[in-house]
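# Coordinate inspection notes
Read off the chains here:
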Amino acid sequence: MAAASYLPSEDQFLCSICLDLFTDPVTIPCGHNFCKDCITEHWDTSDRCQCPMCKEAFNKRPDLRVNTFISEMVAQFRQSAQQKASSSSSSSSEQQVFKPGEVPCDVCTETKLKALKSCLVCLTSYCETHLEPHLTKSVLKRHQLIDPVENLEDRMCPKHDKPLELFCKTDQTCVCMLCHFSDHKMHDVVPLKEGYEGKKAALGKKEARIEEMIQKRQLKIEEIKHSVDLSKEDADREKAEGVQVFTALKESVERNLNEFIQTIEGKQNMRMKQAEDFIKELEQEISQLKKRSAKVEHLSQSEDHLHVLQGVQSLNIQHPSPTKDWTKVSIPPSSYEGTVVRAVVQLEETFSKEMKKLIETELKRVQKYAVDVTLDPDTAHPILILSDDGKQVCEGGVEKNLPDNPERFSEANSVLGKQSFSSGKFYFEVKVKGKTEWDFGVARGSIKRKGNITLSPEEGYWTIWLTKGFEYEAPDDPPVLLSLKSRPQKVGVFVDYEEGLVSFYDVDAAALIYSFTGCSFTEKLYPYFSPGEKYGRKNSAPLIISPVRVT
């Protein structure tokens, strides 16, 4: 009966092989106990039959029988442990066992329960059971309890060993009461709760700002992804169009090359056939002459008077031989001059047709980026006249008395558009019909406005101009004289800011006039216009910003 009331510790009933409670415990000759299956498997896999604990060896494997006493003790231990666990579970139904990430009770010794409060005076965390004295005893009621936290030592002032109950706004640090009356006496010190509420509000604003920044960046990611998708679509379209154009050009080149080779070979074959016919005819005559020569030689060696006279009469030597006069017969060399040129000209015509198709497609595409441009009177030279709608400009001949503001051109009869562009793509068209001088394009916002100006990319201008009524030029670096097949009546200007591209098109002819490439834009761009000087009635027509009609 005494044994029934005594409950040994769990360690006494653990198998040293599986480290769990015995199952069918057996005792071997050295006195140590193991699970029957554990020791059997151990010996089955071992070279020697010996005890895993004391290493005593046995000559032969001992017979194994279950130790009934130990087996009963293990059964009693299991039953008692289950009863204790059941009792403990019922008594702590509202208390939770400590889990990773939670604060454990510092007083619990066996099963650690979740702490309910932490005491800043005791520097200890308590579960519901061990917290009871702080809730009932008057001395402990004065202790400061907070929600359970770890590392309570960090909440104590390292200098005075007092709780950090105050917040110094001046030094932005937590202090104890003694710190307030010593090192922080003249500082703005508030209770920890007040400092917490202030920081909590600031953190809320900070969190909102961070969330806003996150949302903006997420939107930017979507924008970038969308841009990549659009770029891929553009690239695929460009590749498809390029393949189509270059395939047509390749087929045209191959076709023209074959025709060129056939022309040359045809001429050569004709000459060869003619030569073969002449040679054949000459060889026939040579054969006949050789026969006649043999007869003449035979007669000339004969001494028979009658035979010679009769033979000469048959040869008819008084008349020339019936042969052709070859002195005027010849095979002139074949003339191939112009063959290559004609083939290249034909190829060039094909190129021009394909190029026109390509430019027409490109022009339609850039016209989709059309923007509404109006002239800015605050930038116009005093000699210029602007229409009321801001769409036309011409030289008036007489300078008006206008304020000389910093934006106004003082020497060059030029004007800028009101609209500026610092990203993306834009396009506008200018009607130049009836004019003999003009220049226009785009310019940086920081260009020189006073005194003489120089049109060049280096000075911030990307333009083309017309002078003398027929000379077109792109003031690039170096300047480029433009050779145009026809005089443009309407010119389109297209800018791709990110690509660094400025292109000019003859709208009616669907032809590319000139492109500035590899430009580096770092500031706002403005449309730029100059109608040129007026010479009497010459060049009196205005530059007109015309509406873009996408066909």
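These notes cover the structure that comes with them. (Residues numbered from 1 in each chain as written. Predicted model: local features only at pLDDT ≥ 70, side-chain atom pairs only at ≥ 80, totals over all residues. Heavy atoms only, no water.)

### Some words on the overall build of the chain
Along the chain, the regular secondary structure elements total nine helices and 21 strands. Relative to the compact-globule value of 24 Å for 551 residues, the chain shows a C-alpha radius of gyration of 55 Å, a clear excess of over 25%. Along the first, second and third principal axes, the C-alpha atoms of the chain reach 180 × 105 × 40 Å. Here the chain, with 551 residues, has 31% of them falling under the buried criterion. Looking at the chain alone, contacts between residues at least 24 apart form 56% of all its contacts between residues at least 6 apart. (Helix = DSSP H or I, 4+ residues; strand = E, 2+ residues; numbered from the N terminus. Rg over C-alpha atoms; globule rule 2.2 N^0.38 Å. Buried < 20%, exposed > 50% of the residue type's maximum accessible area, 1.4 Å probe, protein only. Contact = heavy atoms within 4.5 Å.)

### Quick notes on the sheet that holds strand β5 (residues 145-146)
Note on sheets: strands pair through backbone hydrogen bonds, and any given pair is parallel or antiparallel. Read across the sheet, three strands follow the order β4-β3-β5 without closing on themselves; strand pairing throughout is antiparallel. Looking at the sheet topology across the chains shown, the edges are occupied by β4 (124-126) and β5. Sheet analysis places strand β3 (residues 117-119) next to β4, joined by three bridges and oriented antiparallel. Directly across from K117, in β4, lies its bridge partner Y126. Contacting β3, β4 and β5, helix α4 (residues 128-136) runs over the sheet at an angle of about 110° to β4. (Pairing = 2+ DSSP bridges. Axes fitted to C-alpha atoms, helices over the stretch in contact; angles between N-to-C directions.)

### Regarding the packing of aromatic side chains
Here the structure, examined in full by the defined rule, presents 13 aromatic pairs. Its guanidinium or amino end placed over the ring of F409, R449 lies 5.9 Å from that ring's centre, counting from NZ or CZ. (Phe/Tyr/Trp six-rings, centres within 6.5 Å; stacked < 30°, edge-to-face > 60°. Lys NZ or Arg CZ within 6 Å of the ring centre and 35° of its normal.)

### Comments concerning the side chain of T463
The topology assignment puts T463 in strand β14 (residues 461-467). Judged by relative accessible area, which is 0%, T463 ranks as buried. T463 has contacts with F440, G441, V442, L455, A474, P475, F504, F516 and Y528, leaving out every residue within four places of it along the chain.

### A look at the pairing of strand β18 (residues 501-506)
Burial runs high along β18: five of the six residues are buried. Pairing analysis gives six bridges linking strand β17 (residues 490-496) to β18, with the strands arranged antiparallel. Following the sheet pairing, V495 is matched in β18 by V502. Between β17 and β18, which follow one another and run antiparallel, lie four residues, and G500 among them has a positive phi close to 70°. Taking the residues between adjacent antiparallel strands as the criterion, β18 and strand β19 (residues 511-516) are bridged by four residues, where A510 takes a positive phi near 50°.

### What about the sheet that holds strand β13 (residues 438-444)?
Ordered in space as β11-β20-β13-β14-β15-β16, the six strands form an open sheet in which the pairing is antiparallel. If you trace the sheet from one side to the other, it starts and ends with β11 (415-416) and β16 (480-482), each paired once. Of the pairings in the sheet, the one linking β14 to strand β15 (residues 471-474) comprises three bridges and is antiparallel in character. In the sheet register, W465 faces β15, and the bridge partner there is E473.

### Some remarks on the layout of surface pockets
If you add up the space inside the largest pocket, you get close to 840 Å³. As for the largest pocket, its lining consists of 26 residues, and the residues nearest its centre are D234, E238, R365, K425 and D496. Secondary-structure elements contributing two or more residues to the lining of the largest pocket are α7 (192-300), α9 (339-367), β17 and β18. At nine residues, α7 tops the list of elements feeding residues into the lining of the largest pocket. Residues that form the lining of the largest pocket fall into these classes: eight nonpolar, six polar and twelve charged. (1 Å grid on protein atoms, 1.4 Å probe; cavity = no way out; pocket = protein on both sides within 12 Å on 5 of 7 lines; lining within 4 Å. Points joined across faces, edges and corners; volume = space filled by probe spheres on them. Nonpolar A, V, L, I, M, F, W, Y, C, P; charged D, E, K, R; others polar.)

### Structural notes on the pairing of strand β10 (residues 392-395)
Note: strand β9 (residues 384-386) against β10, three bridges, orientation antiparallel. Pairing of L386 across the sheet is with V393, part of β10. In this structure, the hairpin formed by β9 and β10 is closed by a connection of five residues, where G390 is found at a positive phi of approximately 70°. Relative to strand β21 (residues 543-546), β10 runs antiparallel, the two being bridged by two bridges. Bridging from a neighbouring strand, Q392 pairs with I544 of β21.

### A few points about the packing of α7 against helix α8 (residues 305-315)
Viewed as axis vectors pointing N to C, α7 and α8 meet at an angle of 160°, and their least axial separation amounts to 10 Å. As the angle between them shows, α7 and α8 are arranged roughly antiparallel. In this structure, α7 crosses over α8, and the sense of that crossing is left-handed. Touching R292, K295, V296, H298 and L299 of α7 are H307, V308, G311, V312 and L315, all from α8. Class assignment for the residues of the contact of α7 with α8 results in five nonpolar, three polar and two charged. (Parallel < 35°, antiparallel > 145°, perpendicular 65-115°, else oblique. Left-handed = near helix turned anticlockwise from the far one by under 90°.)

### Side note on the nonpolar core
Membership of the largest hydrophobic core comes to 36 residues, with the highest contact counts inside it found for W438, F440, I464 and F529. With 19 residues, the next largest nonpolar core counts F13, C38, C51 and M73 among its residues. (Core = buried A, V, L, I, M, F, W, Y, C linked by side-chain atoms within 4.5 Å.)

### Here we look at the environment of P475
Of note, P475 is situated in the loop between β15 and β16. Counting along the chain gives 413 residues from P475 to P62, while the straight-line C-alpha distance between them is 110 Å. Residue contacts for P475: discarding those within four places in its chain leaves L455, S456, P457, T463, I464, W465 and F516.

### Structural notes on unusual backbone geometry
The omega torsion of the bond from D477 to P478 falls at 0°, within 30 degrees of zero and hence cis. Turning to its location among the elements, P478 is positioned in the loop between β15 and β16. Of note in the backbone geometry, K468 takes a positive phi value of approximately 60° without being a glycine. Accessibility expressed as a relative area gives 60% for K468, which makes it exposed. With phi around 60°, N539 is a residue other than glycine that occupies positive phi space. Structurally, N539 is set in the loop between β20 (525-530) and β21.

### Considering the environment of V432
Here V432 lies in the loop between β12 (425-431) and β13. Sequence separation between V432 and I544 is 112 residues; the distance between their C-alpha atoms is 7.0 Å. With residues near it in sequence (within four places) discarded, V432 still touches W438, F440, P488, Q489, K490, V491 and L543.

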